[in-house]
Amino acid sequence: MKKIYTTMMAAVMLLASGCTTGLLGGLGGDTTGNGSSTGGLGDILGSVLGVLGSQNTVDGLLGLVIGSVKVSESELYGSWYYTEPGCAFTSENLLAKAGGAVAAENCKEKLQTVYNSLGISAQNTQFQFTQDHQFAAKLKGIPVSGTYTYDPSTGTIKLKTMLISSNAYVTRTSKGLALTFESKNLLKVLQAAAALSGNSTLQTVGELSKQYDGVRLGFEMAPIR
């Protein structure tokens, strides 16, 4: 068990971790990139909407594209808990090429299976961002912390710890925000956990980054009130 915990900690560091004391000690509580587009946005979204259905709006589609819907830094402040897997694309063109929200939901469904098998839940996976640019997180209860800088024009947030730094991407969702990472960074963490537990979803996780160009994967979050 000690070996598994140590290896998971090392894997989490690949995402954006450190061994410093977290800000989330008392946070438990009740939890009841930036690509560019080259085509016309209307044409692109129109082609995607043809696949989706009337309940999907343009705003909802733009929420799947990093940098298309601006999120101010002040919107990050506070504590957040994991609600479901997150998926975002680096440009409108890649969103349309992949099949839009259909592709995003497919990614989410596959990640949900993995997250469930690893025991990732709202109770043990949480994030916190403060006005003085400190961040803290728990991933399956494992604490990580450090500092962050955020560029609202691109939706890029750089998480820096004592040992490593990593870029993540912020997008807006209907319930709050999504924090996503380059698939190789997130998948390293999940693959390490899956390998240690003998998890049969390892191959599925590895294939996600190959299926969709420009996909970013991570966590959708809702605020802890």
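As the structure is a prediction and not an experimental result, all values here were calculated from the model.

**Remarks on the overall build of the protein**
Assigned secondary structure in the protein consists of seven helices and eight strands. Here the protein holds 225 residues, and the buried ones make up 50% of them. For the protein, the computed accessible surface area is about 10200 Å², with 53% contributed by carbon and sulfur atoms.

**Observations concerning the environment of A104**
The residue A104 is located in helix 5 (residues 101-118) in this model. Since its relative accessible area comes to 1%, A104 is described here as buried. When the C-alpha positions of A104 and C87 are compared, they lie 5.7 Å apart, and in sequence the two are 17 residues distant. Not counting the four nearest positions on each side in its chain, A104 is found in contact with L64, C87 and F89.

**A look at the sheet that holds strand 4 (residues 142-151)**
A barrel is described by the order of its strands in space; here eight strands give the closed sequence 1-2-3-4-5-6-7-8, paired in antiparallel fashion. Averaged over neighbouring strand pairs, the angle between their axes works out to 35° when direction is ignored. Across four bridges, strand 1 (residues 78-89) lies against strand 2 (residues 126-129) in antiparallel orientation. Across the sheet, the residue bridging to W80 is F127, located in strand 2. Across the face of the sheet, helix 5 comes into contact with strand 1 and strand 8 (215-223) while running at roughly 125° to strand 1.

**Observations concerning the confidence of the model for the protein**
Averaged over all residues, the pLDDT of the protein equals 74, while 63% of them reach at least 70. Predicted confidence in the protein is weakest over helix 2 (residues 41-52), with a mean pLDDT of 42, and strongest over strand 2, with 96. Below a pLDDT of 50 lies the segment residues 25-58, which in the model reaches 53 contacts outside its immediate sequence neighbourhood of four places, other chains included.

**Some details on the pairing of strand 7 (residues 177-182)**
The element strand 7 is extensively covered by neighbouring structure, given that five of its six residues are classed as buried. Summarising the sheet, strand 6 (residues 165-172) and strand 7 pair through four bridges and their orientation is antiparallel. If you follow V170 over to strand 7, its bridge partner there is L179. Turn length for the strand 6-strand 7 hairpin, with the two strands adjacent in sequence and antiparallel, is four residues. Here six bridges tie strand 7 to strand 8, and the two strands are oriented antiparallel to one another. Within strand 8, the position partnered with T180 by the bridge is G218.

**With respect to the pairing of strand 5 (residues 156-160)**
Taken together, the five bridges between strand 4 and strand 5 define a ladder with antiparallel strand orientation. Opposite D151, over in strand 5, you have T156 as the bridge partner. Counting the residues that bridge the hairpin from strand 4 to strand 5 gives four residues, and of these G155 lies at a positive phi of roughly 75°. Across five bridges, strand 5 lies against strand 6 in antiparallel orientation. Paired with L159 across the strands is S166, a residue of strand 6. Between strand 5 and strand 6, which pair antiparallel and follow one another directly, the connecting turn spans four residues.

Criteria and cut-off values
- Residues numbered from 1 in each chain as written.
- Predicted model: local features only at pLDDT ≥ 70, side-chain atom pairs only at ≥ 80, totals over all residues.
- Heavy atoms only, no water.
- Helix = DSSP H or I, 4+ residues; strand = E, 2+ residues; numbered from the N terminus.
- Buried < 20%, exposed > 50% of the residue type's maximum accessible area, 1.4 Å probe, protein only.
- Areas by Shrake-Rupley, 256 points an atom, 1.4 Å probe, with all protein chains shown as cover.
- Contact = heavy atoms within 4.5 Å.
- Pairing = 2+ DSSP bridges.
- Axes fitted to C-alpha atoms, helices over the stretch in contact; angles between N-to-C directions.
- pLDDT = per-residue confidence, 0-100.

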